[in-house]
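# An overview of the molecular structure
Chain by chain, the residues:
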Amino acid sequence: MPSGVDQVMPNAARVYDYWLDGAHNFAADRALADKIQQVLPGIRDAIRVHRAFLRRAVQFLVDSGIRQFLDVGSGIPTVGNVHEIAQRANPECRVVYVDKESVAVAHSELLLAGNDRAAVIQADLRDVEKILDHPQTKRLLDLDQPVGLLMLAVLHFVPDSWDPAGIVARYRDRLASGSYVTLSHATTDGSPAGLAEALRFYEQTPEPMYLRGYDEVLRFFAGFELVESGLVGCAFWRPSGPGDSCNSTEMNALAYAGVGRKP
Amino acid sequence: MSADPPAQSGLTVAGLAHVWAAAASQTTYLPVSGDELEQLLTRLINRLVTAVAAAPTDEQAAIEVAAELVARDLTGSSSISRSLEVLEDGLPRLAELQHVGQRGAAISRVLSTLAGGYAEVLRQRTLDEQAEVTQALLQAKLGTERELWISEARFRQVFSESAVGIAISDLGGTVVTANRAFARIVGRTVDDVVGTALPKLLYSADQPADEPTLGEAYHKLASGELTQFRRQGQLTAASDEVAWIFLAGFLLHDPEGVPTHHVITTEDITELHLLQQELGRQGLHDRLTGLPNEYYFMSRLKDALEAADPSAMITVSRVNLDSFSVINDGIGVTAGDFLLCSIAARLQELFAGERAMVARIASDDFAILIEDDTQRDLSQLAATINTRLSEPVYFGNQGIAVSVGIGLVRRRAGGISAGELIRAANTTLHRAKRVGPGQWDLYDMEYDIRQRERCQLAAEIPGAWENGEIDVHYQPLCRLDDGGIVALAAVLRWERADGSVVGHSDFLELAEQTGLVVSLGQWILEKTCSVHVQALNHRREKPPLLRVDLTAQLSQDPDLVGVVRAALVATGLGAQQLWLGVPLTALTRGHGDVVDNVRTLAELGIKIVLIGAQADHGYLAYLEDLPVGAVEIAPDIVARIAGRPGNDLLVARAIRQVISLVRSTGVTVIVPGVDTPEQAQWWRDAGADAALGTHFGFPAPPFDSH
Ligand SMILES: C[S@@+](CC[C@H](N)C(=O)[O-])C[C@H]1O[C@@H](n2cnc3c(N)ncnc32)[C@H](O)[C@@H]1O
């Protein structure tokens, strides 16, 4: 079912952008974001530390020699995008973004105009073959070389009935040895006050969330070897400075995060 | 004390950058590592230091720093305020700035420019991002290569319900379609808008000379000279409504790349506009009158105190309008604003050419700093200000006249801080205002000294208590019908080493103010009980009862019951022999501990006296709910009735009624301060049971009390 450009219904990517103090959002997004923030006041901090994880992970991948990235569920371009971080670390880096949401995609196109080392594809993450065989992917990524696959804050929009672990495995099987998967996933394990209520707000949107426990998230790394710090609350993954965490343990671990290497 | 203490805790640029980085990185997500952030902030601090040290201060540099903060995504809702806090605190402590004269004012000038510049740049960026997202939206619809086509109907729905105002016009500028949000912003209906030329619908209220008008911009867009344009600020709709909006225009192309339409998007930015006002408040000048604001005034005062010769005199004057709200509410806010502006102008005129600063420090509050002010006659100064300001101001053809209250302080620059000086001016102003409108007052050292002496005195209490300077005297509490002694009331008396005496209520008030009273409680109870027991042994008479009054704080002390019990055990006094006075105010302030204390103490057999009863019925409920033994009338009621005996006072009639109600519940009524036989007679007639006062006996040391 195609999801159209929908400015009236709030949308996860733009809500997320609002929490990151971006301005790529509409009144409906801000209204939902504010409602959630009222019941879960730490959410902004949680989003901030998650975004900080993204920065550290991409930096880690570049430092580990990765030069090509596939960011699935990339969202609205906002503060500190993958290609900005990667290309700042090494201008050779190439990035393919994938999102199913058309405003996010149109927006990414605007942002990427003129950057011939990055592109965006509109697709559902389930269409693994379509994504990996897309002309843009073929142009930018060499699948015979290691790739950094990013699936950040996206699998929790995927219901069990789609078999998310199976989807990750399909990507894994097409990636060269030495590739990495970087994955983050919101959890109810810390059960912060207000989370249940916040989730109920999401249920009224077209994108309900499916939060999972530690073991379930760990299963997504099947066939990968977790690198040091393992699968942890995202603020605790190789923290490097005061901005990487906030003063709430629950918000520091609202999402699990980890990086795995395909042997 | 100097106002800008030279680096009391010296700070390095790197240290400040570290503090700033930690604070800023908590306010929003910053896409850099901790080290990179510190490097960036170090660079910015160095630029600010240079800007502050330059003469005149380099405001352009401050704006560039602001732009860099926005460009580096320090744009969380609290990023700028946290940053300003850190910088305000840190910059004055940098060794690099210690040599800069008047650095307080220089720093605040640079920081307020930074704040203002930040709001401006942020607004620009938000405009850009909003335009981008709308453009993305339209391209998502129009893009032919898009795989997920959106149906026309779907697009219509989104378009018409969007919160962003969107109008699409042909290349000639005539609107072909617009949504409701757009129509609302320009104050028309959608039907009205369609078919109208865009430049007729919206134009800039404050058209900058060097920018094309909206009409020109539309043309340039069509001719390809511009690819897009942006406007922000006050845009005036044809309805003459002024709206704070963002506006962005760009071209739509058909799939072959030929321009077909203009798109104009608008969004209400009132929120952002408010942000800027908020930041403006942190600037140096008051927007209405253009006078320096409180922040600027205080930093100038600090600088002045620091720079002045310690023996130079500095005058601070506070001027406050009398009943300004009457003008604001009665004639209108515009008139009020107009009045404030003319007052500002008049004050500035009065001090033109002097080393003085006139500032507006709150809505109807002005302050004047006069440096090097030795000769001036201050009463003359007050008169001049009052005369000049009371001349009517004409608003339309309506003359408005106001009077002002003035507080004046003149002090030597050495030995006083800016804070102390403004506080002194404040108390002086308040004293003047208490007298009535149009009054002025001079700082009263005496008054200040009395206040300070009181604090001094309070500080001596613990020592006095240890040195045995505090004594207990007793005053008889007698039956009104036959004059027989019912109880002895304990009265504290502090005879100081210099022979001066602090009386009971003064002493307790001091102790209560300082919070000492709770630790004194145990001592007071033990001392009064033991002295009483000794006196009884001495006299071998039928023992009268002992009455001890608690203060409000003591009554709510959770340990009170334990303290009382311990005193009884230690001295051997029976619970039935003790009356404890509890202030009614302690009960009515609704403290649960008081009620618990009263209940438990009464269960022990102690008689509870509620003291300070007024002529109303408010407290009667307590008599029903609590085991109260007696009620004592408030001294001010007794004094009032003593001033006009008879029953014509309303209070007199009311109190008689209350007394009969109280007595009907079996509770004793006590009257304090009864000093004459006539008063005793009156209260006896009114139905009271017992009384204290000089008519029945003065407080006296224990051994000759009767
Ligand atoms: C919360 S955002 C995460 C953005 C970014 N990855 C980050 O971590 O900052 C989730 C994004 O996943 C996208 N998404 C959700 N379900 C998807 C699916 N089935 N296929 C592709 N993208 C999906 C949403 O459109 C949204 O932009």
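All figures in this text were calculated on a predicted structure; none of them were measured in a lab.

Attention now moves to the overall build of chain A. Looking only at helices and strands, chain A features 11 helices and 8 strands. Residues counted as buried form 62% of the 263 residues belonging to chain A. In chain A, of all internal contacts separated by at least 6 residues, the share reaching a separation of at least 24 is 73%. Total accessible area computed for chain A in this model is approximately 9700 Å², and 51% of it derives from carbon and sulfur atoms.

This next bit is on the confidence of the model for chain B. Residues and elements named next belong to chain B. Per-residue confidence for chain B gives a mean pLDDT of 78, with 81% of residues at or over 70. Note that pLDDT drops below 50 for residues 143-154; the model gives that stretch 24 contacts with residues more than four away or on any other chain. Note on residues 271-282: pLDDT is under 50 here. Beyond four places in sequence and across chains, it has 19 contacts. ipTM for the predicted complex: 0.71, alongside a pTM of 0.50.

With that settled, the discussion passes to the site of the ligand. Residue and element names in this part refer to chain A. The local shell around the ligand holds 18 residues, among which Tyr16, Arg51, Gly73, Asp99 and Leu125 are the closest. At 2.8 Å, a backbone N or O of Gly73 approaches a nitrogen atom of the ligand. In this structure, a nitrogen atom belonging to the ligand sits 3.5 Å away from a main-chain N or O atom of Lys100. For the ligand, whose unbound accessible area comes to 600 Å², protein coverage reaches 98%. Counting residues per element, the ones that place at least two in the shell around the ligand are helix H1 (12-19) and helix H3 (43-63). Grouping the constituent residues of the shell around the ligand by class yields 9 nonpolar, 4 polar and 5 charged.

A few words now on the pattern of salt bridges. It is possible for side chains of opposite charge to pair when their charged atoms get near one another. In total, this model carries 25 salt bridges over all chains according to the counting rule given. Through salt bridges with shared partners, one network takes in A:Arg55, A:Arg56 and A:Asp244.

Glancing now at the nonpolar core. All names here are of chain B. Within the largest apolar cluster, 85 residues are counted, with the highest numbers of intra-cluster contacts made by Leu580, Leu610 and Trp683. If you tally residues by element for this core, the top one is helix H19 (residues 517-539), at 8 residues. When near neighbours in sequence (up to four residues on either side) are disregarded, Leu580 contacts Leu525, Val548, Leu550, Val564, Leu601, Ile606, Lys607, Ile608 and Val609.

Once that is clear, we can look at helix H25 (residues 635-643) of chain B. Each α-helix winds once per 3.6 residues, and so residues spaced three or four apart point in a common direction. All names here are of chain B. Residues of H25 that are buried include every one of Ile637, Val638 and Ile641, and no others. Seen end-on, H25 carries its buried residues on one side only, within an arc spanning 100°. In H25, the exposed positions that point more than 90 degrees away from the buried face belong to Pro635 and Gly643. In this structure, the buried side of H25 is in contact with strand S19 (607-613), strand S20 (630-633), helix H26 (650-664), strand S21 (668-671) and helix H27 (677-686).

Reading the values: rules and limits
Residues numbered from 1 in each chain as written. Chains lettered and ligands numbered in written order. Predicted model: local features only at pLDDT ≥ 70, side-chain atom pairs only at ≥ 80, totals over all residues. Heavy atoms only, no water. Helix = DSSP H or I, 4+ residues; strand = E, 2+ residues; numbered from the N terminus. Buried < 20%, exposed > 50% of the residue type's maximum accessible area, 1.4 Å probe, protein only. Contact = heavy atoms within 4.5 Å. Areas by Shrake-Rupley, 256 points an atom, 1.4 Å probe, with all protein chains shown as cover. pLDDT = per-residue confidence, 0-100. Near = heavy atom within 4 Å. Polar contact = N/O pair within 3.5 Å; in protein donor to acceptor, adjacent residues only side chain to side chain. Nonpolar A, V, L, I, M, F, W, Y, C, P; charged D, E, K, R; others polar. Salt bridge = Lys/Arg side-chain N within 4 Å of Asp/Glu carboxyl O. Core = buried A, V, L, I, M, F, W, Y, C linked by side-chain atoms within 4.5 Å. Arc of directions from axis to C-beta.

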